[in-house]
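Per-entry structural report
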Amino acid sequence: MGIFLFGSPLDAAGMGIWNWDLLTNKITCSDNLEALFGLEKGTFNYTYKAFICCIHPDKRDFVRRAHQQAIQDRVKYDIEFRVILPDERIRFLASKGVVFGDARMAVQMSGLYMDITKRKQASKGDARSSC
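Keep in mind that what you see is a predicted model, and the values were worked out from it rather than measured. (Residues numbered from 1 in each chain as written. Predicted model: local features only at pLDDT ≥ 70, side-chain atom pairs only at ≥ 80, totals over all residues. Heavy atoms only, no water.)

Some remarks on helix α4 (residues 60–73)
The periodicity of an α-helix, 3.6 residues per turn, causes residues three or four places apart in sequence to face the same way. Taking 1.5 Å of rise per residue, 14 residues should cover 20 Å, and α4 covers 20 Å from first to last C-alpha, within 8% of that figure. All of the buried residues along α4 are V63, A66, H67 and A70. The arc enclosing the buried residues of α4, seen along the axis, measures out at 95°, which places them on a common side. Residues of α4 that are exposed and point more than 90 degrees away from the buried face comprise R65 and Q72. Residues of α4 that are buried make contact with β1 (15–21), α3 (48–54), β3 (77–84), β4 (90–101) and β5 (106–115). Following α4 by one or two positions, R74 adopts a phi angle in the positive range, close to 55°. (Helix = DSSP H or I, 4+ residues; strand = E, 2+ residues; numbered from the N terminus. Expected span 1.5 Å × (residues − 1). Buried < 20%, exposed > 50% of the residue type's maximum accessible area, 1.4 Å probe, protein only. Arc of directions from axis to C-beta. Contact = heavy atoms within 4.5 Å.)

Some details on the sheet that holds β3
One open sheet accounts for five strands, arranged β2-β1-β5-β4-β3; its pairing is antiparallel. With one partner strand each, in any of the chains shown, β2 (26–29) and β3 form the two edges of the open sheet. The mean inter-strand angle of the sheet, taken between neighbouring strand axes irrespective of direction, is 25°. Bridge count for β1 against β2 is four bridges, and the pairing is antiparallel. The residue of β2 that forms the bridge with W20 is I27. Against the sheet, α4 contacts β1, β3, β4 and β5, and its axis sits at roughly 155° relative to β3. (Pairing = 2+ DSSP bridges. Axes fitted to C-alpha atoms, helices over the stretch in contact; angles between N-to-C directions.)

A look at the pairing of β4
Examined bridge by bridge, β3 and β4 share eight bridges and lie antiparallel to one another. The residue bridging D78 from the neighbouring strand is K96, located in β4. Once β3 ends, the chain turns through five residues before running back antiparallel as β4, passing E88 with a positive phi of about 75°. Alignment of β4 against β5, held across nine bridges, turns out to be antiparallel.

Focus on the pattern of salt bridges
Here the structure, examined in full by the defined rule, presents eight salt bridges. Notably, a salt bridge pairs R119 with E80, separated by 2.5 Å at the nearest N-O pair. Taken together, the positions of R119 in helix α5 (residues 117–129) and E80 in strand β3 put the pair 39 residues apart, joining distant regions of the chain. Taking relative accessible area as the criterion, E80 reaches 32% and is therefore assigned partly exposed. It is possible to trace a salt-bridge network through shared partners that takes in E80, R119 and K120. (Salt bridge = Lys/Arg side-chain N within 4 Å of Asp/Glu carboxyl O.)

Observations concerning the packing of aromatic side chains
Under the criterion given, the structure shown has nine aromatic pairs. Look at F37 and Y113: their rings are 5.3 Å apart centre to centre, the planes differ by 90°, and that puts the pair in the edge-to-face class. With F37 in the loop between α2 (33–36) and α3 and Y113 in strand β5, this pair connects stretches of sequence that are 76 residues apart. Of the two residues, F37 and Y113, neither departs from the other in class, the shared state being buried. Geometrically, the ring pair formed by F51 and F81 is edge-to-face, given 6.3 Å between the ring centres and 85° between the ring planes. Placement of the pair is F51 in helix α3 and F81 in strand β3, with a sequence separation of 30 residues. (Phe/Tyr/Trp six-rings, centres within 6.5 Å; stacked < 30°, edge-to-face > 60°.)

Limitation: the analysis is restricted to geometry and does not speak to function.
Pasting the structure below:
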């Protein structure tokens, strides 16, 4: 249950922690992760498919491939992608994760999501103002 104890500091940082059990395909996460995806508390299905459906359609294959590569090679991963909130606004998230298992099989992947929307918007504004 320790994963659920860090809600307030994670909220303040715009972050959420997740764990994906690769054997059952179930996801557990910190209490604030649904809010990062713009979902009402208790509405997330906690499956990989439900997670993929939250991602912007243009980025779904990219995210799937990044996960597959990390699982196959048992390496850390660090990606950025967009999600579509229920009100159709776009949010940018960064995700960092690590795969756990042995030489034969990966069994879980854990990591965090961080809201990077403000950073992305600021860099977009910087690009427009430069000569």
